[in-house]
Amino acid sequence: MRRALAATVLAAALAGLGSGCSGGTQIGTASVVTVYVSMPERGPSGTDGRDVADGARLALEQANSKAGGLAVHAVYLDDTRGNAAHAMWSSAQVGENARQATEDSTAIAYVGDFESGATRTSEPITNEANLLQVSPASGAVELTRPFAGSTELPQFEQESGKRTFGRMIPDDDAQGRAVADWVRKLGLHRVGDLVKGRSAFAKAVKGGYSDAGGKLVRKAPFDALFYAGTAAAEPSAPITGSAGFRGNIIGTDALLPPWNAGAPVTAGLAASAALDPSQLPPAGQRFARDFRSRFAREPGRYAAYGYEAMAVVLDSIDRAAGDTISRQGVIDAFFNTVDRRSILGTYSIDAVGNTTLDKLTGFRLRGGKFVPSAILKSR
């Protein structure tokens, strides 16, 4: 009888653990769920990564570390490896972070990663474990759909048959269309391709510019040069590829600090998928004041997106909670986010996990510094 009882207790314990890993965590008066935050804390992206983490930390603190009657605990992880300022996100570290989260029976969501390349590593892991993942910054189109205009699932999601990933910023396709519209409004007609990009961003700029009656040209003279590269892959390309050119260089936030810190850019326009804090709506301005008060520094562009990533996770937990809560319930609640009022503005999450937020910031180089000069909108 003792052996039978022991076996029954062990089986129940194992069943409870398995249920937790797949999302069947039971709620009790002392129940705790965990949100993992994986961001770069060092290297060129460290400043943005710390802003995201502190934004998430502030959201959790302002919610009194509670949602849906549950205590919510956060674990903050660094996804970089390497020495000091030269540290970069590492696929091995990203994978380790994602596995740490998915193997925690109390884990209910994963906020991360920052770079799209890192998210390409973590997303299949969290998807297999049926764990909600929300990225504040990864814009690669194929994280939610293989290419512009497609509603098919990415390959690993086709295999699992479920969606578990969403993001807080417009994807690269939306960003590209916003940049194309900006170029047209600026009256720049002869735009050359500085780095012949095949990315979704580059294709969206080319397509959107063409739709507006413009055309990327191959021969000088140029009104501007378009840079379609990424900071992580080619941080020096906008500089080295434009020697002697004194017109506008147009590109992504790869042109913005910290990636081009100290680089001798003479003229430039840069678009950021993350709004500059000065352009956030009134609720976002209150967030900026709270952030300054809490952390004694100005929030960077991605701080508000880290805050909202945690806030929408908490809201999803709140809407999913009942007598029990599960990972699947939180995923369903996240994908049912409709007309949510946030510090970024009012938005919904669409069927593939993209936000309906469509405003970006256009920066112009003035006095040797990039300053916000326009609010762009993807079409």
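Everything below is about the structure shown above.
Here's what I pulled together on the structure shown here. (Residues numbered from 1 in each chain as written. Predicted model: local features only at pLDDT ≥ 70, side-chain atom pairs only at ≥ 80, totals over all residues. Heavy atoms only, no water.)

## Quick word on helix α3 (residues 91-102)
Part 1 of the argument: With twelve residues, α3 extends 16 Å between its outermost C-alpha atoms, agreeing within 8% with the 16 Å of an ideal straight helix rising 1.5 Å per residue.
Part 2 of the argument: Listing the buried residues of α3 in full gives Q93, V94, G95, N97, A98, A101 and T102.
Part 3 of the argument: The residue sitting at the N-terminus of α3 and contributing the capping side-chain oxygen is S90; that oxygen lies 3.2 Å from the backbone nitrogen of A92. (Helix = DSSP H or I, 4+ residues; strand = E, 2+ residues; numbered from the N terminus. Expected span 1.5 Å × (residues − 1). Buried < 20%, exposed > 50% of the residue type's maximum accessible area, 1.4 Å probe, protein only. Polar contact = N/O pair within 3.5 Å; in protein donor to acceptor, adjacent residues only side chain to side chain.)

## Details of the nonpolar core
Part 1 of the argument: Among the nonpolar cores identified, the biggest contains 70 residues, and V35, M168, F287, M310 and I317 are the most heavily contacted of them.
Part 2 of the argument: Setting aside its immediate chain neighbours within four residues, M168 contacts V134, S135, P136, Y305, E308, A309, V312, F334, Y347, I349, T355 and L357. (Core = buried A, V, L, I, M, F, W, Y, C linked by side-chain atoms within 4.5 Å. Contact = heavy atoms within 4.5 Å.)

## Observations regarding the packing of aromatic side chains
Part 1 of the argument: In total, this model carries six aromatic pairs according to the counting rule given.
Part 2 of the argument: Seen in terms of ring centroids, F291 and F295 are 4.8 Å apart; in terms of plane orientation they differ by 50 degrees. Their pairing is tilted. Taken together, the residues F291 and F295, both in helix α9 (residues 282-295) and four residues apart, mark about one turn of the helix.
Part 3 of the argument: Look at F291 and you get buried, because its relative accessible area is 0%.
Part 4 of the argument: What links up through ring pairs into an aromatic cluster is the set F287, F291, F295 and Y307. (Phe/Tyr/Trp six-rings, centres within 6.5 Å; stacked < 30°, edge-to-face > 60°.)

## A short note on the packing of α3 against helix α4 (residues 116-128)
Helix packing for two helices is described by the angle between their axes and how far apart those axes are.
Part 1 of the argument: In the contact formed by α3 and α4, the axes pass within 9 Å of each other and the chain directions differ by 30 degrees. The angle between the axes of α3 and α4 places the two elements in the roughly parallel class. Two packed elements cross with a definite hand, and for α3 against α4 that hand is right-handed. Residue-level contacts link S91, V94, G95, A98, R99 and T102 of α3 to A118, T121, S122, I125 and T126 of α4. (Axes fitted to C-alpha atoms, helices over the stretch in contact; angles between N-to-C directions. Parallel < 35°, antiparallel > 145°, perpendicular 65-115°, else oblique. Left-handed = near helix turned anticlockwise from the far one by under 90°.)

## Observations regarding the packing of helix α2 (residues 46-62) against helix α10 (residues 303-320)
Part 1 of the argument: Taken N-terminus to C-terminus, the directions of α2 and α10 make an angle of 40 degrees; their axes are 6 Å apart at the nearest point. When the axes of α2 and α10 are compared, the pair comes out oblique. Viewed along their axes, α2 and α10 form a crossing whose handedness is right-handed. Contacts from D51, V52, G55, A56, L58, A59, L60 and Q62 in α2 reach A303, G306, Y307, M310, A311 and L314 in α10.

## Overview of the environment of I108
Part 1 of the argument: Within the secondary structure layout, I108 lies in strand β6 (residues 107-111).
Part 2 of the argument: The spatial distance from the C-alpha of I108 to the C-alpha of L131 is 6.4 Å, given a sequence separation of 23 residues.
Part 3 of the argument: Discounting chain neighbours no more than four positions away, the residues touching I108 are V33, T34, V35, L131, L132, I317, S326, R327 and V330.

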